[in-house]
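What follows is the residue order along each chain.
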Amino acid sequence: EALYLYNNALTGTIPPALGNLTELEEMYLDGNDLTGSVPESICDLRTTRGHTGHLFKLTSDCRGMPPKVKCNCCSQCYP
């Protein structure tokens, strides 16, 4: 399963409820005007209880000075 939200002119913060999508393998959040941090509930999808989770691809606009989005669990960052 994949969630493609890139380049949709989304604004605001990333909703923690996206972390309820536990079967996601890919989540693309880059190319928007999102701000804040990627919620821990989403990062938890990358690893669960010390094991690798289902979510292996997570992208956001977490590169830049300063980054639009703070993400310590993204697999790929864009400016």
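Residues numbered from 1 in each chain as written. Predicted model: local features only at pLDDT ≥ 70, side-chain atom pairs only at ≥ 80, totals over all residues. Heavy atoms only, no water.

### Considerations on the side chain of Asn-32
Then, in step 1: The topology assignment puts Asn-32 in the loop between β3 (26–28) and β4 (33–37).
Then, in step 2: Here Asn-32 falls in the buried class, since its relative accessible area comes to 2%.
Then, in step 3: For Asn-32, the side chain forms a polar contact with the main-chain oxygen of Leu-5, separated by 2.9 Å.
Then, in step 4: Ignoring anything within four residues of it in the chain, the contact list for Asn-32 reads Leu-5, Tyr-6, Asn-7, Asn-8, Ala-9, Leu-10, Asp-61 and Lys-68. (Helix = DSSP H or I, 4+ residues; strand = E, 2+ residues; numbered from the N terminus. Buried < 20%, exposed > 50% of the residue type's maximum accessible area, 1.4 Å probe, protein only. Polar contact = N/O pair within 3.5 Å; in protein donor to acceptor, adjacent residues only side chain to side chain. Contact = heavy atoms within 4.5 Å.)

### Some words on the packing of aromatic side chains
Then, in step 1: Scanning all chains against the criterion turns up three aromatic pairs.
Then, in step 2: Relative to Tyr-6, the ring of Tyr-4 has its centre 6.0 Å away and its plane inclined at 80 degrees; by these criteria the two rings are edge-to-face.
Then, in step 3: Ring centres of Tyr-4 and Tyr-28 lie 5.0 Å apart, and the angle between their planes is 5 degrees; this geometry places the pair in the stacked category. On the criterion of sequence distance, the pair formed by Tyr-4 in strand β1 (residues 2–4) and Tyr-28 in strand β3 is long-range, its members being 24 residues apart.
Then, in step 4: The class of Tyr-28 is buried, set by a relative accessible area of 15%.
Then, in step 5: Taken together, Tyr-4, Tyr-6 and Tyr-28 form an aromatic cluster joined through their ring pairs. (Phe/Tyr/Trp six-rings, centres within 6.5 Å; stacked < 30°, edge-to-face > 60°.)

### Some remarks on the nonpolar core
Then, in step 1: Formed by 17 residues in total, the largest nonpolar core has its most connected members in Ile-14, Met-27, Val-38, Ile-42 and Leu-58.
Then, in step 2: In contact with Leu-58, not counting residues within four places along its chain, are Met-27, Leu-29, Val-38, Ile-42, Arg-46, Cys-71, Cys-73, Cys-74, Ser-75 and Gln-76. (Core = buried A, V, L, I, M, F, W, Y, C linked by side-chain atoms within 4.5 Å.)

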